[in-house]
Amino acid sequence: MDALENVIIEGDCVDVMNRLPESSVDLIFADPPYNLQLGGDLTRPDNSEVDGVKDDWDQFDSFDSYDLFTHEWLAACRRVLKDTGAIWVIGSYHNIFRVGAILQDAGFWIMNDVIWRKTNPMPNFKGTRFQNAHETLIWATKHPNQKPYTFNYDALKAFNDDLQMRSDWTIPICTGQERLKKPDGKKVHPTQKPEGLLHRVLLATSKPGDMILDPFSGTGTTAAVSKALGRRFIGIEQDASYARYSRERLSRVEPYDDADLKTVTGKKAEPRVPFGALVESGYLRPGDRLFSASRRHEARVRIDGSLTNGDTVGSIHRLGAFVQRAPSCNGWTFWHFEDRNGLMPIDMLRRKFRTQMGLG
C-alpha cells in the first residue's frame, strides 16, 4: 500500500479501486459526474458563451446508464472502505437524489445531508428558473449503527465560534488564484471545488494520518487539502491533463506543522480510565478518604475501586448521586482528594494517569 500513497493515479476509477487493497481507506470524497443533461450552448445577456460542463465525462445515454455507472463505482468504494470509514458524495439536483437512493441500496447509512450554499453562484442567465445557489453533500457511514466512526464534533464547534456546526455551509465557489488556469487563461476544469469545502469535510470526519480517497480527483482539490492537513491520499483521474495539473498543484502544497494540526477534543474523545485504575496504580489507596467540595459528604476508597460512606456502597458516580439524592452524578468532579493545596477533584488524578500512560 505504501507505493499507493500520496499519488494521483490515471485510469478508470472502478478499475483502479478494484486493484486497491480491501478495507484500506478511511474516508472517501466523491465528486462524480453530475449528468447535467445540458441541451445546446448557454449564453449571457451580452451573447458571450458561458463556460459550462460539456465534456464527454459528463455525458450519459440515459438515466439507466448513469445509475449503472453509480452502482459500479459505489460498489468499488465500499470494498476499499474500512468498516470504520465513511463516504461523502457531492452533487446537484441533476443527480444527487439518484445517487442517494443507490447509496442506500448499496448498504451505506446516511448520517447527514449538507447544503453547500455558494456566496457567489452563477446567475440563471435565461431567467426561466431559480438561480442554482447550492449543491448537496451526503455523508454516510459504511454500516448502520456503525461504531466507531470519525466525527470531530468539538473541533467543528471551536471552528464555529463555540456553536454547533450546522448542516448548511456558506462557502464561496472556487475563484481567484485558487482556480487553476491554462496558459490561454481558460479554466482547467469547469467544476473545480473550493479548498474551503474540502477543509471542512476533512476537519469534520478524518484524522491526521488517515487515508483519503477521491475516485474523481479532477484537479486534485481533495489531494491538495489532504496533503496540507497531514492526511494521506489517493486521487484517481481518467483525464491525463487534469492529472498533470493536479501533480503540479500538489508540488506547491506545504503541509502544516504537526503541532498546528491538533484539534480541540471533548471528554467523550478522551480514552476511558476506570476509577479502579487509579487505585491499582497507587494514585489512591484503599482506605483513603474522599470529600465533596463543601466537605458535607465523605467516603472511603475500597480495594475494588468502589466507595462507601459506611451505610452505602457504590461507584464514584452512584454514591455521589445517592448522597445528593440526585438522579445522576459525575463522580470525577464531585469527589475530591486532599493534598497540601487543599481539596482537589479526583479528575486531576485521572488526567495525571492519562499523561503518565501516554493516553493523551
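Predicted model, so just to flag it, every value in this text is computed and none were measured.

The rules we used
Residues numbered from 1 in each chain as written. Predicted model: local features only at pLDDT ≥ 70, side-chain atom pairs only at ≥ 80, totals over all residues. Heavy atoms only, no water. Helix = DSSP H or I, 4+ residues; strand = E, 2+ residues; numbered from the N terminus. Buried < 20%, exposed > 50% of the residue type's maximum accessible area, 1.4 Å probe, protein only. Contact = heavy atoms within 4.5 Å. Areas by Shrake-Rupley, 256 points an atom, 1.4 Å probe, with all protein chains shown as cover. Lys, Arg positive; Asp, Glu negative; His and termini not counted. Charge placed at Lys NZ, Arg CZ, Asp CG, Glu CD. 1 Å grid on protein atoms, 1.4 Å probe; cavity = no way out; pocket = protein on both sides within 12 Å on 5 of 7 lines; lining within 4 Å. Points joined across faces, edges and corners; volume = space filled by probe spheres on them. Nonpolar A, V, L, I, M, F, W, Y, C, P; charged D, E, K, R; others polar. Pairing = 2+ DSSP bridges. Axes fitted to C-alpha atoms, helices over the stretch in contact; angles between N-to-C directions. Core = buried A, V, L, I, M, F, W, Y, C linked by side-chain atoms within 4.5 Å. Arc of directions from axis to C-beta. Phe/Tyr/Trp six-rings, centres within 6.5 Å; stacked < 30°, edge-to-face > 60°. Lys NZ or Arg CZ within 6 Å of the ring centre and 35° of its normal. Parallel < 35°, antiparallel > 145°, perpendicular 65-115°, else oblique. Left-handed = near helix turned anticlockwise from the far one by under 90°.

Asks: Just to check I follow, could you spell out the overall build of the protein for this structure?
Replies: A tally of regular secondary structure across the protein gives eleven helices and 14 strands. Within the protein, the proportion of its 360 residues that are buried is 44%. In the protein, 67% of the contacts between residues at least 6 apart in sequence involve partners at least 24 apart. As presented, the protein carries roughly 19700 Å² of accessible surface, and 48% of it is formed by carbon and sulfur atoms. Here the protein contributes 47 positive and 48 negative side-chain charges, whose respective centroids are spaced 8 Å apart.

Asks: Just to check I follow, could you spell out the layout of surface pockets for this structure?
Replies: One way to see where empty space is left: roll a probe the size of a water molecule over the atoms. A volume near 860 Å³ is recorded for the second largest pocket. Lining the second largest pocket are 32 residues, with Thr150, Phe151, Asn152, Ser206 and Lys207 positioned closest to its centre. Where the lining of the second largest pocket is concerned, the elements lending two or more residues are β2 (25-30), β3 (81-91), α4 (153-159) and α5 (195-205). Along the lines of polarity and charge, the residues of the lining of the second largest pocket split into 13 nonpolar, ten polar and nine charged.

Asks: Help me understand unusual backbone geometry in this model?
Replies: Most peptide bonds take the trans configuration, and most residues that are not glycine carry a negative phi. A cis amide bond links Lys147 with the next residue in sequence, Pro148, at an omega value of 0°. Even without being glycine, Ser23 reaches a positive phi, approximately 55°. Mapped onto the elements, Ser23 comes out in the loop between α1 (13-17) and β2. Unlike most non-glycine residues, Asp161 shows phi in positive territory, near 55°. Mapping Asp161 onto the fold places it in the loop between α4 and β6 (168-171).

Asks: Explanation requested: the sheet that holds β3 in the structure shown.
Replies: Sheet strands pair via backbone hydrogen bonds, and the direction of the pair is either parallel or antiparallel. Read across the sheet, eight strands follow the order β1-β8-β7-β2-β3-β5-β4-β6 without closing on themselves; strand pairing throughout is mixed. Both outer strands of the open sheet, β1 (7-10) and β6, are each paired with one neighbouring strand and no more. With direction set aside, neighbouring strand axes in the sheet form an average angle of 20°. For β2 and strand β7 (residues 211-214), the ladder comprises two bridges, and the chain directions are parallel. Residue pairing across strands places Ile28 opposite Leu213, the latter belonging to β7. Helix-sheet contacts for helix α2 (residues 63-80) involve β2, β3 and β7, and the interaxial angle to β3 is about 150°. In the packing of helix α6 (residues 221-228) onto the sheet, contacts are made with β1, β2, β7 and β8 (232-237), and the angle to β8 comes to roughly 170°.

Asks: Is there a simple way to think about the nonpolar core in this case?
Replies: Side chains that are nonpolar tend, in soluble globular proteins, to be buried together. Counting 31 residues, the largest nonpolar core has Met17, Ile28, Trp73, Ile87, Leu103 and Leu213 as its most contacted members. Looking at this core, the elements with two or more residues in it are α1, β2, α2, β3, α3 (96-105), β5 (134-141), β7 and β8. When residues of this core are assigned to their parent elements, the largest contribution, seven residues, is made by α2. Setting aside anything within four residues of it in sequence, one finds Leu103 in contact with Leu74, Ile87, Val89, Phe108, Ile110, Ile138 and Ala140. Of all hydrophobic cores here, the second largest spans 22 residues; its members include Trp332, Trp335, Phe337 and Leu349.

Asks: Before we go on, may I ask you to explain helix α11 (residues 347-356) in this structure?
Replies: In an α-helix, one turn spans 3.6 residues, which is why side chains three or four residues apart end up on the same side. Taken as a whole, α11 has its buried residues at Asp347, Leu349, Arg350, Phe353 and Arg354. In a view along the axis of α11, the buried residues occupy a sector of 155°, so they form one face of it. Of the exposed residues in α11, the ones pointing more than 90 degrees away from its buried face are Thr355 and Gln356. Tucked into the core, α11 has its buried residues touching α8 (275-280), α10 (331-334), β13 (336-339) and β14 (342-345).

Asks: Quick question: what am I supposed to make of the packing of aromatic side chains here?
Replies: For any pair of aromatic rings, the description rests on two quantities: the centre-to-centre distance and the angle between the ring planes. For the structure on display, the rule yields eleven aromatic pairs. Through pairs of rings, three or more aromatic residues link up here, namely Trp88, Trp139, Tyr149, Phe151, Tyr153 and Trp169. The ring of Phe108 has Arg78 sitting right over it, with the charged end atom 5.0 Å from the ring centre. A cation sits over an aromatic face here: Lys118 above Trp116, 5.1 Å from the ring centre.

Asks: Would you explain the pairing of β13 in this entry?
Replies: Where a strand is regular, its side chains alternate between the two sheet faces. As judged from the four bridges shared by β13 and β14, these two strands associate in the antiparallel manner. Within the sheet, the bridge partner assigned to Phe337 lies in β14 and is Met344. Count of turn residues in the β13/β14 antiparallel hairpin: two residues.

Asks: What's the story with the packing of α2 against α3 in this structure? I'm lost.
Replies: Between two packed helices, the angle of one axis relative to the other and the distance separating the axes together describe the packing. Two elements in contact, α2 and α3, have axes whose closest approach is 10 Å; the angle formed by their N-to-C orientations is 45°. By the angle between their axes, α2 is oblique relative to α3. In terms of crossing hand, the pair formed by α2 and α3 is right-handed. Taken together, the residues of α3 that come into contact with α2 (itself represented by Phe63, Tyr66, Asp67, Thr70, His71 and Leu74) are Arg98, Val99, Ile102 and Leu103. Tallied by class, the residues present in the contact of α2 with α3 amount to six nonpolar, two polar and two charged.

Asks: Help me understand the environment of Asp15, please; the structure alone is not making it clear to me.
Replies: Relative to the helices and strands, Asp15 is located in helix α1. For Asp15, a relative accessible area of 46% gives the class partly exposed. Each C-alpha atom, one on Asp15 and one on Trp73, is 9.2 Å from the other, the two residues being 58 residues apart in sequence.

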